[in-house]
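In case you want the letters, here they are:
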Amino acid sequence: MSDVRHVLVLPDRDAAEEAAAALGERFGVTEEPRLVRDALAGEDDAEDAQWLVVLRDEDGRLDPGALDAFAGEWEGWREEP
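Residues numbered from 1 in each chain as written. Predicted model: local features only at pLDDT ≥ 70, side-chain atom pairs only at ≥ 80, totals over all residues. Heavy atoms only, no water.

Can you explain helix α1 (residues 13–27)? Please cite residues and give values.
In this model, α1 (15 residues) spans 21 Å end to end at C-alpha, consistent with the 21 Å of a helix rising 1.5 Å per residue. The largest bend along α1 reaches roughly 30° and is located at Ala21. Those residues of α1 that are buried are in contact with β1 (5–10), β2 (34–39), β3 (49–56) and α2 (64–72). Here α1 starts with a cap whose side-chain oxygen sits 3.2 Å from the backbone nitrogen of Asp14, and that cap is Asp12. Backbone geometry just downstream of α1 places Gly28 in the positive-phi region, at approximately 75°. (Helix = DSSP H or I, 4+ residues; strand = E, 2+ residues; numbered from the N terminus. Expected span 1.5 Å × (residues − 1). Bend = angle between axes of the 7 residues up to and from the residue. Contact = heavy atoms within 4.5 Å. Polar contact = N/O pair within 3.5 Å; in protein donor to acceptor, adjacent residues only side chain to side chain.)

Here's what the structure looks like:
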């Protein structure tokens, strides 16, 4: 079993929460993804922050391209490892 993680980068908290909620239905993800606020260095303003949705894929069953397209629905992307 590997420790594969996918990181989806979303523009705001609402988008991250919506995407995290939709992952289960769209991809069958059973473990709740982790949401992480990622502010640019020296920035405290929420408008300058990105939100990360981190999900584990230990079995390697999630398609990176499909995840990237999924994140794109919220104007985001999948971060390459």
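Here the narrative resumes, following the displayed structure.
Hey, could you go over the packing of α1 against α2 for me, with residue numbers and the actual values?
Orientation of α1 relative to α2, taken along the N-to-C sense of each, is 135°, at an axis distance of 11 Å. Relative to α2, α1 is oriented oblique. The handedness of the crossing between α1 and α2 comes out as right-handed. The segment α1 lies against α2, with Ala19, Ala22, Leu23, Arg26 and Phe27 engaging Ala66, Leu67 and Phe70. Taken together, the residues of the contact of α1 with α2 break down into seven nonpolar, no polar and one charged. (Axes fitted to C-alpha atoms, helices over the stretch in contact; angles between N-to-C directions. Parallel < 35°, antiparallel > 145°, perpendicular 65-115°, else oblique. Left-handed = near helix turned anticlockwise from the far one by under 90°. Nonpolar A, V, L, I, M, F, W, Y, C, P; charged D, E, K, R; others polar.)

So what about the pairing of β3? Which residues, and what values?
On a regular strand, one side chain projects to one face of the sheet and the next to the other, so that they alternate. In terms of residue burial, β3 counts as a mostly covered element, since six of its eight residues are buried. Pairing between β2 and β3: six bridges, direction antiparallel. If you follow Leu35 over to β3, its bridge partner there is Val53. (Buried < 20%, exposed > 50% of the residue type's maximum accessible area, 1.4 Å probe, protein only. Pairing = 2+ DSSP bridges.)

Describe the side chain of Asp57, and please don't skip the residues or the numbers.
Summarising the element assignment, Asp57 is placed in the loop between β3 and α2. Buried charge without a partner: Asp57 forms no salt bridge, and the closest opposite charge is Arg61, 5.1 Å away. In contact with Asp57, other than residues within four places in its own chain, are Val4, His6 and Leu62. (Lys, Arg positive; Asp, Glu negative; His and termini not counted. Salt bridge = Lys/Arg side-chain N within 4 Å of Asp/Glu carboxyl O.)

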